[in-house]
Amino acid sequence: MSPYDPTAAAHDPGDGGDRLVTGAADGEDRAVEAALRPRDLGEFIGQERVREQLSLVLQAARKRGATPDHVLLSGPPGLGKTTLSMIIAAEMNAPIRITSGPAIQHAGDLAAILSSLTEGEVLFLDEIHRMSRPAEEMLYMAMEDFRVDVIVGKGPGATAIPLELPPFTLVGATTRAGLLPPPLRDRFGFTGHMEFYAPAELERVVHRSAGLLDVDIDARGAAEIAGRSRGTPRIANRLLRRVRDYAQVRHDGLITPEIAAQALDVYEVDARGLDRLDRAVLDVLLRLFGGGPVGLSTLAVAVGEESETVEEVAEPFLVREGLLARTPRGRIATAAAWQHLGMVPPPAPQTGFRPPLPAQQDLFDRSPEPPAEK
């Protein structure tokens, strides 16, 4: 089996894989990431809490001479889940097998992979939430008892043959941890959630990658790229390569903040990391609908995209940045969105003061009569 299953590149529809600021990886990203990946936890930048916890798990396993617990890594794409799986194998001095959930459509596919594992080997299962249900149920027993039952035959004559497996470590990665069924999630001994990176951490990532790619860059140039990278190392490395191309073709190769800004303006990535689709959604929401509220389907038609593309590709980052809000009545733009596009929000409707209405008079006028004079 190849070290990386090509079907692992499959992502959910509408993941925006052709965008420069998407966290999904393409073929070029994988080729470059192979050279840029850190080899151990000491080189890995960011994710301090996950690194510390994972280091304890691996050190304890080495002292016991046992395989580490199964590991589940969750979080948005591009934050280093695959890199951490390779580091786990390197720290344990064990081989690694890499595949993906979409590649395992039948229980037999998983049985073939599990039966060929060696003792202590690390099995990395990307997009684990997209694995088929029969394979998922087989994985329960494999993770807990290191055994699978292979069904031979069909119908009443079918026979289950137990197959013992050597101890191994499963590293599952998912962008949607909520889609994992509880029985599968509970079988992982360690669960780590990957957070978006701070700008200072991304600057370190850019500097490290620039050194490995032999790119001349100054500190402010790295900060300019990091600020437009959406908190994602994969995007930072991708933007670095595009800025490098611009600097080599139109300048002397040194990346300064001015050159980085010019290059990313060419690629339509603005100072906050918004690209053409993001700005189109905000522009339509502000100009045509006065900031909303407007329904998703109406907004998608106005932008010229599918509703799924707007909802799954553009909106998550806009909501996270506080530029757009989802309400029961529809999408609305925030004050930050008006400010970012340099537009002035329309004045709020004026509401005059209305005095309270008098109490309703009794239909039969049963108000008490004044007492008669004596």
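Coordinates for the structure precede this section.
What counts, and where the lines are drawn
Residues numbered from 1 in each chain as written. Predicted model: local features only at pLDDT ≥ 70, side-chain atom pairs only at ≥ 80, totals over all residues. Heavy atoms only, no water. Helix = DSSP H or I, 4+ residues; strand = E, 2+ residues; numbered from the N terminus. Buried < 20%, exposed > 50% of the residue type's maximum accessible area, 1.4 Å probe, protein only. Contact = heavy atoms within 4.5 Å. Areas by Shrake-Rupley, 256 points an atom, 1.4 Å probe, with all protein chains shown as cover. Phe/Tyr/Trp six-rings, centres within 6.5 Å; stacked < 30°, edge-to-face > 60°. Lys NZ or Arg CZ within 6 Å of the ring centre and 35° of its normal. Axes fitted to C-alpha atoms, helices over the stretch in contact; angles between N-to-C directions. Parallel < 35°, antiparallel > 145°, perpendicular 65-115°, else oblique. Left-handed = near helix turned anticlockwise from the far one by under 90°. Expected span 1.5 Å × (residues − 1). Pairing = 2+ DSSP bridges. Salt bridge = Lys/Arg side-chain N within 4 Å of Asp/Glu carboxyl O. Patch = residues over 30% accessible without salt bridge, like charges linked within 9 Å, V, L, I, M, F, W, Y side chains within 5 Å. Lys, Arg positive; Asp, Glu negative; His and termini not counted. Charge placed at Lys NZ, Arg CZ, Asp CG, Glu CD.

Chemist: Quick question: what am I supposed to make of the overall build of the chain here?
Modeler: A tally of regular secondary structure across the chain gives 14 helices and 9 strands. Within the chain, buried positions represent 45% of all 374 residues. Partitioning the contacts of the chain with sequence separation of at least 6, the portion at a separation of at least 24 is 70%. A total of about 19400 Å² of accessible surface is found on the chain, and carbon and sulfur atoms cover 53% of it.

Chemist: Is there a simple way to explain the packing of aromatic side chains in this structure?
Modeler: In this description, a pair of aromatic rings is defined by centroid distance and the angle of the planes. One pass over the structure, following the stated rule, counts 1 aromatic pair. Aromatic side chains F146 and F168 sit 5.5 Å apart centroid to centroid with 80° between the ring planes, which places their arrangement in the edge-to-face category. Of this pair, F146 sits in the loop between α5 (133–145) and β4 (147–152) while F168 sits in the loop between β5 (159–164) and β6 (169–174); the two residues are 22 residues apart in sequence, bridging distant segments of the chain. Its relative accessible area of 22% is what places F146 among the partly exposed residues. In this structure, R230 is placed above the aromatic ring of F317, and the distance from its NZ or CZ to the ring centre is 3.9 Å.

Chemist: For this particular structure, what's the right way to read the packing of helix α11 (residues 276–287) against helix α12 (residues 296–303)?
Modeler: Packed helices, taken two at a time, are described by their axes: the angle between them and the distance between them. Contact geometry for α11 and α12: axes closest at 9 Å, N-to-C directions at 115°. It follows from the interaxial angle that α11 and α12 lie roughly perpendicular. Seen from above, α11 lies across α12 with right-handed handedness. Every residue of α12 that contacts α11 at L277, A280, V281, V284 and L285 is listed here: L299, A302 and V303.

Chemist: Can you walk me through helix α13 (residues 307–320) in this structure?
Modeler: Owing to its 3.6 residues per turn, the α-helix aligns residues three or four sequence positions apart on the same side. For α13, built from 14 residues, the straight-helix expectation of 20 Å at 1.5 Å per residue is met to within 8% by its first-to-last C-alpha distance of 19 Å. Every buried residue of α13 is accounted for by T309, V310, V313, A314, E315, F317 and L318. Where α13 is buried, its residues meet α11, α12, β8 (324–327) and β9 (330–333). Taken from the residues just after α13, G322 is the one with a positive phi, measuring 75°.

Chemist: Can you help me understand the pairing of β9 in this one?
Modeler: On a regular strand, one side chain projects to one face of the sheet and the next to the other, so that they alternate. Direction of pairing for β8 relative to β9: antiparallel, over a ladder of 4 bridges. Residue pairing for β9: R326 is matched across the bridge by R331. From the end of β8 to the start of β9, which pair antiparallel, there are 2 residues.

Chemist: Looking at this model, I keep getting lost on the pattern of salt bridges. Mind explaining?
Modeler: A side chain with one charge may pair with a side chain of the opposite charge, provided their charged atoms come close. Tallied over the entire structure, the rule returns 18 salt bridges. Residue R242 pairs with D245 through a salt bridge whose shortest N-O separation is 3.0 Å. Note that R242 and D245 are positioned in helix α9 (residues 233–250) at a spacing of 3 residues, about one turn of the helix. The exposure class assigned to R242 is buried, which follows from its relative accessible area of 13%. We classify D245 as partly exposed; its relative accessible area is 24%. D270 is paired through a salt bridge with R279; the nearest N and O atoms lie 3.6 Å apart. By relative accessible area, which is 12% here, D270 ends up buried.

Chemist: When you look at a negative patch on the surface in this model, what are you seeing that I'm missing?
Modeler: Side chains of E306, E308, E311 and E312 sit close together on the surface and give a patch of like negative charge. Secondary-structure assignment places E311 in helix α13. Take E311: its relative accessible area is 32%, and that puts it in the partly exposed class.

Chemist: How should I be thinking about the pairing of strand β1 (residues 71–74) in this particular structure?
Modeler: Neither face of β1 is open: one carries V71 and L73, the other L72 and S74, and all of them are buried. The pairing of β1 with β6 spans 4 bridges and is classified as parallel. Each residue of the ladder has a partner; that of S74, found in β6, is T174.

Chemist: Explain unusual backbone geometry to me, please; I cannot follow it from the model alone.
Modeler: With the exception of glycine, most residues fall at negative phi, and the peptide bonds are largely trans. Backbone geometry places F146, a non-glycine residue, at a positive phi of 50°. Here D214, not a glycine, exhibits a phi torsion of approximately 60°, which is positive. Of note, D214 is situated in the loop between α7 (199–212) and α8 (219–227).

By themselves, these are just geometric observations and shouldn't be taken as functional.
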